[in-house]
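Overview (structure and organization)
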Amino acid sequence: MSERAGVQFYRKEIELTGAVRLGLDLLFLCTVFFQARGALLGEIFPFGPAAVVAVAGRRPRLLWPAVAIATTGAWFGNPGTIYTSAFLYLLLGVIFSIYPVLRKAGVLTQGTVAPAAVILVKGLSLTFSQPSFYGWVQIIFEALLSWGLSCAFLHAAVTSRHEERYLGVGLFLLGVLLGFQGLHLFDLSLQGTISRYIILLAALAGGPGAGAAAGAAVGFLPSLAQIVPPALAGLLAFAGLIAGSLKTMGKVGVVGGFLLAHLLLANYFLGQDNVLTALKEGVVVALALMMTPSTLINNIERYFAPPAIVPAGSSGYGRHEALKAALKGMARSLKFTGFTESPEVTVRQVAGATCRGCPAGKVCWELEGMQMLTLLQDLLQKGDHGTLTSADIPEWLASRCGRTRELLAALTHEAVKLKGLAAENALADWLANTFDTLASLITTGVEEGEAEEQRLKLVVGTATIPRYQADVCGDTFMSAKLEAEKQLLVLADGMGAGREAAEMSATTVELVRDLLAAGFPPDKALQALNMILLLRATREAFTTCDVALINCCTGAAEFYKLGACPTFILRDGTVKTCGSPSLPAGILEEIRIEPVYEELQEGDLLVMVSDGVLEAHREINEKEKWLVKALQRAGEGRPQEIADRLLKQARALANGRPRDDMAIIVARIERIGV
């Protein structure tokens with residue numbers, strides 16, 4: 001494969017990943033449609049609200065599409081109550097949009113939103129139409145079911161217990177299958193066909209026990225939708241048992257056992273009229289199973305398999321898998337940071353404790369409640385930056401409040417506590433992401449293939465100078481080999497100048513090198529760098545970071561920048577700049593990292609500079625142009641000569657008194673053996 005073809009394939013793979021992600025989102029929204037359509041006994045619809053709450057809690061970006069899809073599903077399922085259903089789903093969307101803090105709340109808090117909305121909307125509808133005792137019993141029963149389903153869906157996404165995950169996934173599939181009730185394709189029941197396909201998958205992946213359990217579960221579906229004898233459950237449970245017993249024979253054995261059980265018992269359980277239909281559905285799902293990719297079967301099989309116990313002192317892939325599972329478990333536990341309260345709740349608690357018994361309390365909280373609430377929230381936010389004083393209290397409140405000192409002290413205390421919780425949550429999130437990354441790296445190391453043959457090399461030249469009247473340059477650079485084929489170039493510029501800036505930039509460079517050498521992806525490494533700088537700094541401190549990763553086998557290059565200057569590439573007298581807008585590391589908890597990909601060729605000249613070099617020219621519009629012109633005149637000189645020449649020109653532009661530290665890295669791509 002040529003260099004250009006390799007880069008094009010890499011970019012196509014990235015686009016395919018995005019397309020797969022979009023496809024999974026669309027598939028998930030389709031399940032919401034059938035959840036909203038599914039009904040118990042033809043008149044209870046608890047799955048739709050539970051599905052929308054699960055989307056709001058676990059995939060908030062899909063909330064409003066899910067609201068629209070659920071409303072459409074309700075219209076197809078029960079057109080007579082479409083207005084009530086539409087208002088119910090709209091209310092759920094509005095609640096989770098107005099109160100985003102609910103997305104970080106616990107499972108019980110999020111799950112309670114569904115029954116509250118069901119009782120409110122359907123209770124009002126019943127009150128204004130035909131109130132009855134049976135109607136209220138039905139609403140309360142539907143609310144309780146929606147609450148239980150919401151908690152099950154939400155908990156299944158975060159729990160590490162296999163039994164709880166099985167329960168949540170099983171209930172979710174139950175709602176989807178109920179949504180297929182009454183739908184037919186070519187005289188075949190879609191619910192029956194999909195149910196039988198699930199049984200075959202369970203039998204092939206989990207054996208006779210899983211097949212029998214799946215058959216019994218889906219066999220009760222018709223009796224859940226309407227009052228009918230659950231005869232089908234016995235047939236499907238037996239068919240799943242026979243199919244799973246022949247798992248060792250592969251797909252052919254599972255399909256043969258399933259069809260054999262149908263032939264033996266369909267006439268007894270279903271009656272002569274329904275035997276032919278059942279056999280048609282069995283043949284269709286048998287063909288579907290034969291065309292199912294083996295990758296899907298293997299993933300489901302791993303899901304059914306119990307966690308392996310690795311003996312002490314054992315080695316190999318089993319221990320890798322155990323360590324991977326342990327790291328992922330720690331990551332999941334760290335991502336749950338407990339129940340957090342909103343600023344409004346905190347303010348009301350402070351006011352309740354401070355203003356209790358105050359003669360002016362009626363005026364403050366009954367006549368001017370919203371104004372007081374807004375003021376105290378502003379003071380709580382302001383308390384993050386230091387102790388509040390009496391000057392922060394407006395005159396209209398200070399003139400009648402006799403407890404300003406106690407109020408300010410309580411707000412300052414709560415502000416400090418909230419700030420500490422935010423720092424702990426940020427650290428926990430970073431540690432969780434780190435554990436996830438380590439878990440993925442374990443598999444990567446096991447499945448790593450042979451390295452490609454290296455055909456390129458980098459010849460590097462560097463030059464630095466401190467700013468005027470400074471004895472140490474605050475910019476630090478490094479050129480290092482990460483693997484047999486990977487070359488790293490990194491340049492960091494610490495805030496300010498002198499020894500403190502030099503220490504920070506040196507720490508940045510070494511940390512980036514160590515994380516990348518350990519196998520961290522570049523974006524994860526830079527996110528870890530950002531978090532560490534945030535946690536270690538006692539006051540405002542940040543650093544820029546410019547990273548270039550060059551594959552010496554293919555010539556593919558990746559550039560990552562955190563507040564860094566553009567990278568310049570000289571090829572055949574033409575200079576190309578590569579950059580992306582970003583903030584330095586150590587300023588915000590969340591940073592956006594956008595890599596830039598380029599394909600380097602033999603003879604290319606790569607130049608990385610700190611901002612002191614570009615800002616040597618006083619004209620804003622000429623900051624990059626002067627360096628481009630200087631590179632075009634560089635010719636075929638050695639990288640070290642070019643670096644020295646560029647630094648000399650930058651110093652001359654600053655009249656010999658650089659206002660900032662300057663650092664330059666120049667690298668030429670050459671073929672090995674030349």
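If you're wondering where the values come from, they're calculated on a predicted model, not measured in any experiment.

Quick look at the overall build of the protein now. On a plain count of helices and strands, the protein comes out with 25 helices and twelve strands. When the 674 residues of the protein are sorted by exposure, 44% land in the buried category. Within the protein, contacts between residues separated by at least 24 positions form 71% of all contacts whose residues are at least 6 apart in sequence. For the protein, the computed accessible surface area is about 35000 Å², with 61% contributed by carbon and sulfur atoms.

Here the focus is the sheet that holds strand 6 (residues 543–551). Strand order across the open sheet formed by five strands is 4-5-6-7-10, with antiparallel pairing between neighbours. Looking at which strands have only one partner, the edges of the open sheet turn out to be strand 4 (475–481) and strand 10 (596–599). Going across the sheet, the axis of each strand differs from the next one's by a mean of 15°, ignoring polarity. Note that strand 4 and strand 5 (residues 486–494) share seven bridges and pair antiparallel. Note on strand 5: the bridge partner recorded for Lys481 is Gln487.

So, on to the pattern of salt bridges. In a structure, side chains of opposite charge can pair up when their charged atoms sit close to one another. Counted according to the given criterion, the structure contains seven salt bridges. Here Glu142 makes a salt bridge to Lys122, at a shortest N to O gap of 2.6 Å. With Glu142 in helix 6 (residues 133–156) and Lys122 in helix 5 (residues 107–128), the pair connects residues that are 20 residues apart, well separated along the chain. Of the residues examined, Glu142 reaches a relative accessible area of 2% and is grouped as buried.

Glancing now at empty space enclosed by the protein. One pass over the full model with this rule turns up two cavities of 30 Å³ or more. Its boundaries defined by the atoms lining it, the largest cavity holds a volume of some 90 Å³. For the largest cavity, the full set of lining residues is Thr354, Cys355, Cys358, Gly361, Cys364, Trp365, Met372, Leu397, Cys401, Arg403 and Leu407. Ranked by the residues each element gives to the lining of the largest cavity, the list is headed by helix 17 (residues 361–367), at three residues. Looking at the lining of the largest cavity residue by residue, the classes come out as eight nonpolar, two polar and one charged. Volume-wise, the second largest cavity comes out at about 60 Å³. It is helix 4 (residues 82–98) that contributes the most residues to the lining of the second largest cavity, three residues altogether. Of the residues assigned to the lining of the second largest cavity, the class counts are six nonpolar, two polar and two charged.

Across the sheet, which stays open at both edges, the five strands sit in the order 3-12-11-8-9 with antiparallel pairing between neighbours. Each edge of the sheet is formed by a strand with only one pairing partner; in this case those strands are strand 3 (456–465) and strand 9 (574–578). Here the average twist between neighbouring strands, direction ignored, is 20°. Two elements, strand 3 and strand 12 (residues 662–671), share ten bridges in a ladder whose sense is antiparallel. Within strand 12, the position partnered with Leu456 by the bridge is Arg671. Helix-sheet contacts for helix 24 (residues 625–632) involve strand 8 (567–571), strand 9 and strand 11 (605–609), and the interaxial angle to strand 8 is about 30°. Lying on the sheet, helix 25 (residues 639–653) is in contact with strand 3, strand 11 and strand 12; it crosses strand 3 at an angle near 30°.

The subject of this paragraph is a nonpolar patch on the surface. Together, Trp64, Phe87, Leu90, Val94, Ile98, Tyr99 and Val101 give the surface a local cluster of nonpolar side chains, amounting to about 650 Å² of exposed area. Tallying contributions element by element places helix 4 first for the nonpolar patch, with four residues. Mapped onto the elements of the fold, Val101 is located in the loop between helix 4 and helix 5. Since its relative accessible area comes to 31%, Val101 is described here as partly exposed.

Let us look at the pairing of strand 6. Of all nine residues making up strand 6, nine are buried, and the element is well covered by its neighbours. Where burial is concerned, the two faces of strand 6 agree: the one with Thr543, Cys545, Val547, Leu549 and Asn551 and the one with Thr544, Asp546, Ala548 and Ile550 are both buried. Here strand 5 runs beside strand 6; their pairing, made up of nine bridges, is antiparallel. The residue of strand 6 that forms the bridge with Val490 is Val547. In the sheet, strand 6 pairs with strand 7 (residues 556–562) via six bridges, with the strands oriented antiparallel. By the bridge assignment for strand 7, Leu549 is matched with Glu558. Linkage of strand 6 to strand 7, two consecutive antiparallel strands, is achieved through a turn of four residues, within which Gly555 is found at a positive phi near 85°.

The rules behind these values
- Residues numbered from 1 in each chain as written.
- Predicted model: local features only at pLDDT ≥ 70, side-chain atom pairs only at ≥ 80, totals over all residues.
- Heavy atoms only, no water.
- Helix = DSSP H or I, 4+ residues; strand = E, 2+ residues; numbered from the N terminus.
- Buried < 20%, exposed > 50% of the residue type's maximum accessible area, 1.4 Å probe, protein only.
- Contact = heavy atoms within 4.5 Å.
- Areas by Shrake-Rupley, 256 points an atom, 1.4 Å probe, with all protein chains shown as cover.
- Pairing = 2+ DSSP bridges.
- Axes fitted to C-alpha atoms, helices over the stretch in contact; angles between N-to-C directions.
- Salt bridge = Lys/Arg side-chain N within 4 Å of Asp/Glu carboxyl O.
- 1 Å grid on protein atoms, 1.4 Å probe; cavity = no way out; pocket = protein on both sides within 12 Å on 5 of 7 lines; lining within 4 Å.
- Points joined across faces, edges and corners; volume = space filled by probe spheres on them.
- Nonpolar A, V, L, I, M, F, W, Y, C, P; charged D, E, K, R; others polar.
- Patch = residues over 30% accessible without salt bridge, like charges linked within 9 Å, V, L, I, M, F, W, Y side chains within 5 Å.

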